[in-house]
Structure formats: C-alpha cells, structure tokens
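Residue-level listing of the chains:
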Amino acid sequence: MTAGKRSGAAKLLREFVEEKLGGELDRLRTFDVKSLQNSEKFGCPGRCFDCDDTELMRAVYVVLWGDVLPELAMETLGGGKMYRGDTMNTFHTMFGRNIPERPGFYAGLEKYGPPEGLRRKVRLFGESICGTLGNFVVLPNLGAENTTLNLYRGTNDWRDFFDRFLIELEKVLCGSGEKDPLLAKLVEANAFCFDIFTGEEGFRALVRLLLLEDYCGAAPAYKPQIIFPLNYHWRDPAARETYLADAEKYLSGAEKIIENRGRRMVALLKTKLA
C-alpha cells in the first residue's frame, strides 16, 4: 500500500482524536464506537451501521496493519471487499438482544432469571466494553461457498467464539488433517493474505501482528487455547446454573482480553501516528 493511502487513514484518525477525544489518543481505548451510529464522517455513511466496519475502525486497521497486510486500504475494506472488520467477542451470542420495552434487559439472559449483580455486569459489558477498540480485528473477507470468514464464524459449531476460531484457523494454516473443510476453502479464497502466514511460524506471526496473544498459550509457541465455555443463550434454557456460571466466565475473560488488547493497540497507534 502506498504512503498516500496510509496517510488518508491517518488523517481521518487524527481528526477523530481532535474532534471526539479532545486531542487525547489514550481515550480511544475506552471510546464506545456504538456512539458513532449517526456520524456521517466516522460512522457508516450510506451503509448499515456496524461498529467493526465504521470509518473510524477502517482507519485504525489501515494505520495499524496497512503496511503489513497485503492490499489493506480504506478502499479494500467492507462488505464484498478484500477485508472486513470483525468483532471478536460478541454480545448477542451469549446474552441476546435488548428487550425494547425493558431497556437494560436482554432477552437471552432473562431466560435464566439472572441475579441483579450479573445483570449489571452484562449491562456494563454491553454499554462500555464490547464496543471498544480492543474488541475489533480485521480479517480477509473474500468468499467461498456463499459465505465469508465474518459470516462463517457465527453460523457454525464455534458459535462466534473467537478462541475456537483461532484453534481451527491454526489447523488450516499449519496443515492439520483435522481441519474444517469450509474454513480451508475460505483460507484458500483469501490466499492473497493468508499465504504469508502458513506453517507454525506463519501462524505465530499472525497472532503477534494482530495482537491476539491473550487467546493463546505462552510464547514462543502461542498455541491457541480454549478461553470460554462453549455456551450461548439458546443452547439449553433448562441448564440455568451452568449458563449463569459460563456467562460470568465469558464476561471476565472477554473484558480482560479487550482491555489489555486495547491498551496495546493505542500504544502501537502512537508509534504509527508519530
């Protein structure tokens, strides 16, 4: 990617910092991207709003990784294009949608009669953590078999859990015989990017590049680990205690990853924008 294209993303990001963060880049870590829904400049002008595909996050992806990921630019980001932003730790899978007539209550969570303390934690996660910088990543987006990485992650047995996705992606990139057939086709369709991350060292390079170490075991192997119980709000409404315990584990694990990764992203942005 040319320096000119990178500079356009950097310009937009600097303008965001001045206009929305009072000139303090550190505040980007806790900024709620959902608040940009009506922003023509930094939101999703002319398309459906999605936090991970806002103009702001597109600019972040390009500034952070446009000099490393092949063809990554503002113009190659979005639905039907070479790359797309992705939310790593989703909200609706575990807790369901907001109940319109009961703000602050979520349909999935309420099936289990949660204690008020858990409700507060879920609200905090949804309102102040899930939509922040450290929860977003960029992935190749070319399709195969009428799906993409972004779509496939949420429709198969992994149920959008990013830890499970990384475990499966490692199998494909490292040539495991147990690899998921459709994921393998998607990786092949996006060979323009994934070809530089094949093999064990290639996969480790991808983990380090995208700051995904918190989903993995210790260096230098960076073996992807199971972080979250594989549970979701529609799995077994009769298993109340299991769901409530798993929801607590999901919140604590996701919050730690998001906050730590957000700090690292801000630190890296400072060096890229210097």
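Structure's up top.
Notes on the structure in this doc start here. Every value quoted in this text rests on a predicted model; they were computed, and no experiment measured them. (Residues numbered from 1 in each chain as written. Predicted model: local features only at pLDDT ≥ 70, side-chain atom pairs only at ≥ 80, totals over all residues. Heavy atoms only, no water.)

## Structural notes on the overall build of the protein
Put simply, the test is: Each helix corresponds to a stretch of at least 4 residues labelled H or I by DSSP, and each strand to a stretch of at least 2 residues labelled E; elements are numbered beginning at the N terminus. Values of the radius of gyration come from C-alpha atoms, whereas the globule rule sets the reference at 2.2 Å times the count of residues to the power 0.38. Using a 1.4 Å probe on the protein chains alone, a residue whose accessible area is under 20% of its type maximum counts as buried, one over 50% counts as exposed, and one in between counts as partly exposed. All accessibility values rest on the Shrake-Rupley procedure with a 1.4 Å probe; residue burial counts only the protein chains present in the view. Only four residue types enter the charge count, namely Lys and Arg as positive and Asp and Glu as negative; His and the chain termini do not. To locate a charge, take atom NZ for lysine, CZ for arginine, CG for aspartate or CD for glutamate.
In terms of helices and strands, the protein carries 11 helices and four strands. Over its C-alpha atoms the protein spans a radius of gyration of 19 Å, differing by no more than 12% from the 19 Å that the globule rule assigns to 274 residues. The C-alpha extent of the protein, read off along each of the three principal axes, is 55 × 50 × 35 Å. Here the protein holds 274 residues, and 54% of them are scored as buried. Summed over all atoms, the accessible surface of the protein reaches about 12,200 Å², with 51% contributed by carbon and sulfur. In the protein, which carries 38 positive and 39 negative side-chain charges, the distance between the mean positions of the two groups comes to 2 Å.

## Section: the environment of Thr 132
Heads up, the condition is: In this description, contact between two residues means that some pair of their heavy atoms is separated by no more than 4.5 Å.
Here Thr 132 is to be found in the loop between helix 5 (116-129) and strand 4 (136-140). Separated by 81 residues in the primary sequence, Thr 132 and Cys 51 have C-alpha atoms spaced 8.7 Å apart. Other than its neighbours up to four places away in sequence, Thr 132 contacts Arg 29, Thr 30, Phe 31 and Ile 258.

## Describing the environment of Asp 67
Looking at the secondary structure, you find Asp 67 in the loop between helix 2 (55-65) and strand 1 (83-87). The exposure class assigned to Asp 67 is partly exposed, which follows from its relative accessible area of 43%. Sequence separation between Asp 67 and Arg 153 is 86 residues; the distance between their C-alpha atoms is 26 Å.

## A few points about the pattern of salt bridges
Put simply, the rule is: We define a salt bridge as a contact between a side-chain nitrogen of Lys or Arg and a carboxyl oxygen of Asp or Glu at a distance within 4 Å.
Enumeration over the complete set of coordinates arrives at 27 salt bridges. The partner of Arg 84 in a salt bridge is Asp 52, and the shortest N-O contact between them spans 2.8 Å. Taken as a pair, Arg 84 in strand 1 and Asp 52 in the loop between helix 1 (3-20) and helix 2 lie far apart in primary sequence, 32 residues in all. For the pair shown, Arg 84 and Asp 52 are each scored as buried. Note that Arg 123 and Glu 116 form a salt bridge whose closest N and O atoms lie 3.0 Å from each other. Look at Arg 123 and you get buried, because its relative accessible area is 18%. Through salt bridges with shared partners, one network takes in Lys 11, Glu 15, Glu 19 and Lys 41.

## Regarding the packing of aromatic side chains
What counts is decided by this rule: Ring geometry is summarised as follows: Phe, Tyr and Trp rings, the Trp one being its six-membered ring, pair when their centres sit within 6.5 Å, and such pairs are stacked at plane angles under 30 degrees, edge-to-face over 60 and tilted between the two. For a Lys NZ or an Arg CZ to count as sitting over a ring, it must be within 6 Å of the ring centre and within 35 degrees of the ring normal.
Summed over the entire model, instances satisfying the criterion amount to 18 aromatic pairs. Plain terms: the ring middles of Phe 91 and Phe 125 are 6.2 Å apart, the flat faces sit at 15° to each other, and that makes the pair stacked. With Phe 91 in the loop between strand 1 and helix 3 (92-95) and Phe 125 in helix 5, this pair connects stretches of sequence that are 34 residues apart. The exposure classification of Phe 91 matches that of Phe 125, with both residues buried. For the pair Phe 125 and Tyr 250, a centre-to-centre distance of 6.1 Å together with 75° between the ring planes defines the contact as edge-to-face. Here Phe 125, found in helix 5, pairs with Tyr 250, found in helix 11 (residues 240-273); they are 125 residues apart in sequence, far enough to count as distant. No difference in accessibility class separates Phe 125 from Tyr 250, as the two residues are buried. Chaining the aromatic ring pairs together yields one cluster made of Phe 91, Phe 95, Tyr 106, Phe 125, Phe 161, Phe 228 and Tyr 250. Cation over ring: Arg 102 sits above Phe 105, and NZ or CZ is 4.0 Å from the ring centre. The ring of Tyr 232 carries Arg 159 above its face, with NZ or CZ at 5.2 Å from the centroid.

## Some words on the packing of helix 7 (residues 162-173) against helix 8 (residues 181-189)
Convention followed: As a rule, the C-alpha atoms of each element are fitted with a line to give its axis, helices using only the stretch in contact, and angles between N-to-C directions run from 0 to 180 degrees. Small angles under 35 degrees read as roughly parallel and large ones over 145 as roughly antiparallel, with 65 to 115 read as roughly perpendicular and the rest as oblique. If you view the pair so one helix is near and one far, a crossing is left-handed when the near helix is turned anticlockwise from the far one by less than a right angle, and right-handed when it is turned clockwise. Ten residue types, Ala, Val, Leu, Ile, Met, Phe, Trp, Tyr, Cys and Pro, are classed as nonpolar, four, Asp, Glu, Lys and Arg, as charged, and the remainder, Gly among them, as polar.
Between helix 7 and helix 8, the least distance of the axes is 10 Å, while the angle of their chain directions is 70°. The angle between helix 7 and helix 8 places the two elements in the roughly perpendicular class. For helix 7 against helix 8, the interelement crossing comes out right-handed. Of helix 8, the residues touching helix 7 (which contributes Phe 165, Glu 168, Leu 169, Val 172 and Leu 173) are Leu 183, Ala 184 and Val 187. Along the lines of polarity and charge, the residues of the contact of helix 7 with helix 8 split into seven nonpolar, no polar and one charged.

These figures capture arrangement, not role.
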